[in-house]
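The chain contents come next:
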Amino acid sequence: MAKAYWIGRVDVENPEAYKAYVAANGDAFRKYGARFLVRGGAFEAVEGGARQRNVVIEFPDREAAVACWHSPEYKAAKAKRDGHAIADIIIIEGYDGPQPSDG
């Protein structure tokens, strides 16, 4: 079964208030087996637009990723972010097929 990911691009408008969201989202992420692969960090936008902050969160599967988004735990955390950041977030299923090095 393929893993799934949240891919987020975020512009933080109120860094102090955003800290409350960061502190609160761990409950939901632990419950659904999430693991941060990218959490901020230096980046270079080589094509297209960008936001200030980029995040990639891995989940065991698509069902867990979607359930986390809709969970009461994440809704409570997200309420702390609302009004303090603008985000583009997608949930996407991973890929388990052939890779360029496979053939």
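Not measured: the values here are computed from a predicted model. (Residues numbered from 1 in each chain as written. Predicted model: local features only at pLDDT ≥ 70, side-chain atom pairs only at ≥ 80, totals over all residues. Heavy atoms only, no water.)

Engineer: I'd love a proper account of the overall build of the chain, names of residues and values included.
Structural biologist: A tally of regular secondary structure across the chain gives four helices and four strands. Among the 103 residues that make up the chain, the fraction classed as buried is 31%. Put simply, of all contacts in the chain between residues at least 6 apart along the chain, 76% involve residues at least 24 apart. When the accessible area of the chain is evaluated, it comes to approximately 6,500 Å², of which 52% is carbon and sulfur surface. (Helix = DSSP H or I, 4+ residues; strand = E, 2+ residues; numbered from the N terminus. Buried < 20%, exposed > 50% of the residue type's maximum accessible area, 1.4 Å probe, protein only. Contact = heavy atoms within 4.5 Å. Areas by Shrake-Rupley, 256 points an atom, 1.4 Å probe, with all protein chains shown as cover.)

Engineer: An account of the pattern of salt bridges is requested, with residue identities and associated values reported.
Structural biologist: Under the defined criterion, the tally for this structure stands at nine salt bridges. Between Glu58 and Lys3 there is a salt bridge, with its nearest N and O atoms 3.5 Å apart. With Glu58 in strand 3 (residues 53-59) and Lys3 in the segment before strand 1 (4-12), this residue pair connects regions lying 55 residues apart in the sequence. What makes Glu58 buried here is its relative accessible area of 9%. (Salt bridge = Lys/Arg side-chain N within 4 Å of Asp/Glu carboxyl O.)

Engineer: Explain the sheet that holds strand 4 (residues 85-93) to me, and be specific about the residues and the numbers.
Structural biologist: Reading across the sheet, the four strands line up as 2-3-1-4 and stay open at both edges, with antiparallel pairing between neighbours. At either margin of the open sheet sits one strand with a lone partner, and together these are strand 2 (35-39) and strand 4. Sheet twist, expressed as the mean angle between neighbouring strand axes with direction ignored, is 15°. Judged from the seven bridges that link them, strand 1 and strand 3 form a sheet pairing that is antiparallel. Each bridged residue has a counterpart across the sheet, and for Val10 the counterpart in strand 3 is Arg53. Running over the sheet, helix 1 (residues 15-24) touches strand 1, strand 2, strand 3 and strand 4 and is turned about 160° from strand 1. (Pairing = 2+ DSSP bridges. Axes fitted to C-alpha atoms, helices over the stretch in contact; angles between N-to-C directions.)

Engineer: Describe the nonpolar core, listing the residues and the values that go with them.
Structural biologist: Counting residues in hydrophobic clusters, the biggest one holds 19 residues, and the most contacted among them are Trp6, Tyr18, Phe29, Ile57, Phe59, Cys68 and Tyr74. Elements that contribute at least two residues to this core include exactly strand 1, helix 1, helix 2 (26-31), strand 3, helix 3 (62-70) and helix 4 (72-81). Counting residues per element, this core draws most heavily on strand 1, which supplies four residues. Each residue touching Tyr74, except ones within four places of it in the same chain, is listed here: Trp6, Tyr21, Asn25, Ala28, Phe29, Cys68, Trp69 and Arg81. (Core = buried A, V, L, I, M, F, W, Y, C linked by side-chain atoms within 4.5 Å.)

Engineer: A description of the pairing of strand 3 should follow, citing residues and the corresponding values.
Structural biologist: Bridge count between strand 2 and strand 3: four bridges; the pairing is antiparallel. Following the sheet pairing, Phe36 is matched in strand 3 by Ile57.

Engineer: An account of helix 1 is needed here, citing residue identities and associated values.
Structural biologist: In an α-helix, one full turn covers 3.6 residues, which means residues spaced three or four apart are oriented alike. Listed as buried for helix 1 are Ala17, Tyr18, Tyr21 and Ala24. The arc enclosing the buried residues of helix 1, seen along the axis, measures out at 120°, which places them on a common side. Within helix 1, the exposed residues directed more than 90 degrees away from the buried face are Pro15, Glu16 and Ala23. In this structure, the buried residues of helix 1 make contact with strand 1, helix 2, strand 3, helix 4 and strand 4. (Arc of directions from axis to C-beta.)

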